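Each chain, letter by letter, is given below.
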Amino acid sequence: MALVNLNNRLNRRNYYNRSPWAKRFLIRIGIIFLILVILAGLPGKIIFDGVKDLQLHSKAVAAAYQNQNFGQLQQEVTATKQSLQKMNTSLNFLIWMSPIPFVGGYYSDIRSLTGAGVEELSAIETILNKLRPQEKELGFIGAPLSGPDRVSQGVKLLQAALPYLDSVQPQFKKARRSVENIDTNKYPNEFRGMPFGQLVRMSKDFIVGADEVVSNHRDILQQLPTMLGINSPKNYLMLFQNDKEIRPTGGFITAFAFLRIDKGQISTTISDDIYRLDERLLATCQSKICPLAPPEPIVKYLPEVSGKARSAWSMRDSNISPHLPTSAKEFERMYQLLGQGLPFDGVIFIDSQVVEELIEVTGPIDIFGTPYSAKVDHRCNCPNVIYELENYSEIAARGEQDRKAILGVLMQQILAKSLGSSSERIPQLLETIVRLANHKHVMFYMHDSSVQTSFSNLNWTGQIRPYSGDYLHINDANFAGGKSNLYVEQTVTQEISKQSDGTYGYKKKLSIEYKNPQPFNIWLNGINRDYVRVYVPKGSKLLFSKGSEDGVRTLEDLDKTVFEAFITVRPQNSRKLEFEYIIPYKPGDKYELLIQKQPGAKDFRYIIKLNSSQEANFKLDQDKEFKFDI
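So, here's what we can say about the structure.

So, how was this worked out
- Residues numbered from 1 in each chain as written.
- Predicted model: local features only at pLDDT ≥ 70, side-chain atom pairs only at ≥ 80, totals over all residues.
- Heavy atoms only, no water.
- Helix = DSSP H or I, 4+ residues; strand = E, 2+ residues; numbered from the N terminus.
- Expected span 1.5 Å × (residues − 1).
- Buried < 20%, exposed > 50% of the residue type's maximum accessible area, 1.4 Å probe, protein only.
- Polar contact = N/O pair within 3.5 Å; in protein donor to acceptor, adjacent residues only side chain to side chain.
- Contact = heavy atoms within 4.5 Å.
- Phe/Tyr/Trp six-rings, centres within 6.5 Å; stacked < 30°, edge-to-face > 60°.

Glancing now at helix H9 (residues 274–285). For H9, spanning 12 residues, the distance from its first C-alpha to its last is 17 Å, which sits close to the expected 16 Å at 1.5 Å a residue. All of the buried residues along H9 are Ile274, Tyr275, Leu277, Asp278, Leu281, Thr284 and Cys285. Two or three places before tyrosine 275, at the opening of H9, aspartate 273 has a side-chain oxygen 3.0 Å from that residue's backbone nitrogen.

Here we take up the environment of asparagine 475. One can find asparagine 475 in strand S10 (residues 470–478). The sequence separation of asparagine 475 and arginine 247 amounts to 228 residues, and the corresponding C-alpha distance is 8.1 Å. Sequence-distant contacts of asparagine 475, defined by excluding residues within four places in its chain, comprise Pro248, Pro322, Tyr531, Val532, Arg533 and Gln598.

Looking at the secondary structure, you find isoleucine 386 in helix H13 (residues 384–398). Taking the C-alpha atoms as reference points, isoleucine 386 and lysine 244, 142 residues apart in sequence, are found 9.0 Å from one another. When neighbours within four sequence positions are excluded, isoleucine 386 is seen to be in contact with Lys244, Ser352, Glu356 and Leu486.

What follows is about the packing of aromatic side chains. Here the structure, examined in full by the defined rule, presents 21 aromatic pairs. Ring geometry for tyrosine 106 versus tyrosine 187: centroids 5.2 Å apart, planes at 85 degrees, classification edge-to-face. Here tyrosine 106 is found in helix H4 (residues 103–131), whereas its partner tyrosine 187 is found in the loop between helix H6 (165–179) and helix H7 (196–216), with 81 residues between them in sequence. Classification of tyrosine 106 by relative accessible area gives partly exposed; the value is 23%. Seen from their ring centres, phenylalanine 618 and phenylalanine 626 are 5.2 Å apart, and the 45 degrees between their planes marks the pair as tilted.

Structure representation (C-alpha cells):
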C-alpha cells in the first residue's frame, strides 16, 4: 500500500512537471496570490498599525485634557487626525472589496467612519488653533481640575468657540453625511470582548449630534451658562417616573429631588419619595378647601385600594395628560397648594432607564449599604438597579416610617462619578445623555421661556406636536398591574389605503397587540389595567373597533381626535386592540406620517403598510416622520 501511495505522488509530480497547462495554472495561482498580498496584505498592515497609533493618540488626547496641557492637546488632536488619514488612504486600496456581498457593507462603514473622523478632528484642530491665545483664561494651567470645575471650563470653551463655528460647519456637515446611512443594528453588541456595536453606535450618534447642534441648535449652547448656574445659582426639581409602571408622560411619579447648580457644581438639597409630598398636601387640605377633583379617567379606572372611586387627586397621579408641559403645570399647581410657591427654576423628568444607563457607564454605586449595578438580577431578569429601585418604590408605597430617600443620594453619586470620571469617558457620557433625551427618558420643563424654547426645538420637552399630515401617538397608562410594563411588549400595525369609493380621505386599520410572556408575580408582574388613548388627526371618524373592555369613546384633546379604550393584559397572555377609521388627509406627491413615541415606553415594533405594500418595519425609539411615495 505504501508503494502505491508513493507511486501516485510521483505520478502527480511528473504530471505537473511535463504538463504546460499545469505549469501555467500554478503560475497564475502564484500571481493571484501575490496580487492579493499586495492589494490586501500591505494596506492591511498599514491599517493595523494605524489602529494602534489611533488608540495611543486617542488616549494621549484624553491625558492631555486631563492634565490641562493645551499645547499637548493640540499636538495629539493633530496626531490622531493623521493616524485616521493614513488609515483612510490605506482603505482606498481596498476599494475592490466594496462589491463583495456582506463584506462590502462593513468595508463601506469603516471608510465612512474614518473619513468622518478626519473631518471632525480637522474642525476641532481649527477651533483649538483659534483658542490658543486664550488658554490661560480658559483654565488650562497644567494641573488637573475637579469634576465641577471641568463643567465650568467646558461652558467657557463652548462660549469661546461659538464665533468660530461658522467656519467649521461644512466639516461637521460632511462628517454627518458620511455616517448617516450606517446601520448600527447589524453590529454585534460584543466582538472578542469589545463592545463593538456600542462603539459604532456611539461614534455615529456623536458625529450626527455634533452637526445637529452646530447647524441647527446653537441656541442651546448659548443657554448652557444660564442653565448651569455660571452667572447665578439655579434650582431644579427632579421628578423620577417609574417607566415599569407606565403613565402618560413616562411613568408613575415615584420620587423627587431638588438639585442646586452653582457654577457647574451640582448638589442635592432635599429628596424623598412622592408619598411624603402627598402626605403634606393631604394635611394642608384638611384645613382649607383644595381644588383637587380628579379627572374622569382616574375616577373610572384608578380606584382606591378599598375599591371605592377616588375623591381626590394626588401629585403622584398628576401626569394624566400625555402633553408634558400640561402635566408639569398641573403638578406645579398642586405643589403651590403647600404654600411655598415654586422654589425652583424648572422641572427635570427622568425615568429608570436614565439611572440604569448612567450606572452602566460609571460602574456600581453603594447607597446605604445596598449595591446598585447594571448587572442582570435573576430575581426579576432585569438589571440590579431596576430591581432595587422597584423594591424601594414598594417600601415607599407601604408608607414605612423609616424608609430612606435614596433618589437624591443615588443621583448625587451618579453625577459625582460622571463628572469625576476619566476624560476618555466624557464622549460616552455625553452621547448617553443626549440619546436618553432624544428617546424621551429625560425631559425638561423650564420656567425661562428662552431655555424652554431651546429644549423644545430639540424635542426634549415631551410635547404632543402639531402636524399637517397623518399622525399617530399611542398612550398607555398602567392603572394597577404592579410593574408589569417591565415585561409587556407591543406590536403596532398600520394598514393605510385610499378610499375605494373615491371619497375624500384615507382609511386606516390600526392594530395594537399586547403580550406579557412572564409568569404572574404579585409584586413585579400582575394584571395590567391599561387605560389606552390613541391620538390621530383631528376630524378622524371611527368606523370600527374591537378589543376594548369598556367600549371606545371618541373625543378631542390637544388638537387631535382621540380614541379612548381600556384593556387588561394578564401575565402569560396577550390582548389586541383594533381600530378602523378615516382620516381627513389629502396628500400630495408624498404620504406624510408622524409617529410620536410615548415617553418612558420601550422601543416597540411598528409595521406600516400603504396600499397593501409594506413600507416600514422598525422599532420606535423616538419620534419618527415618514414621507412615502404614492
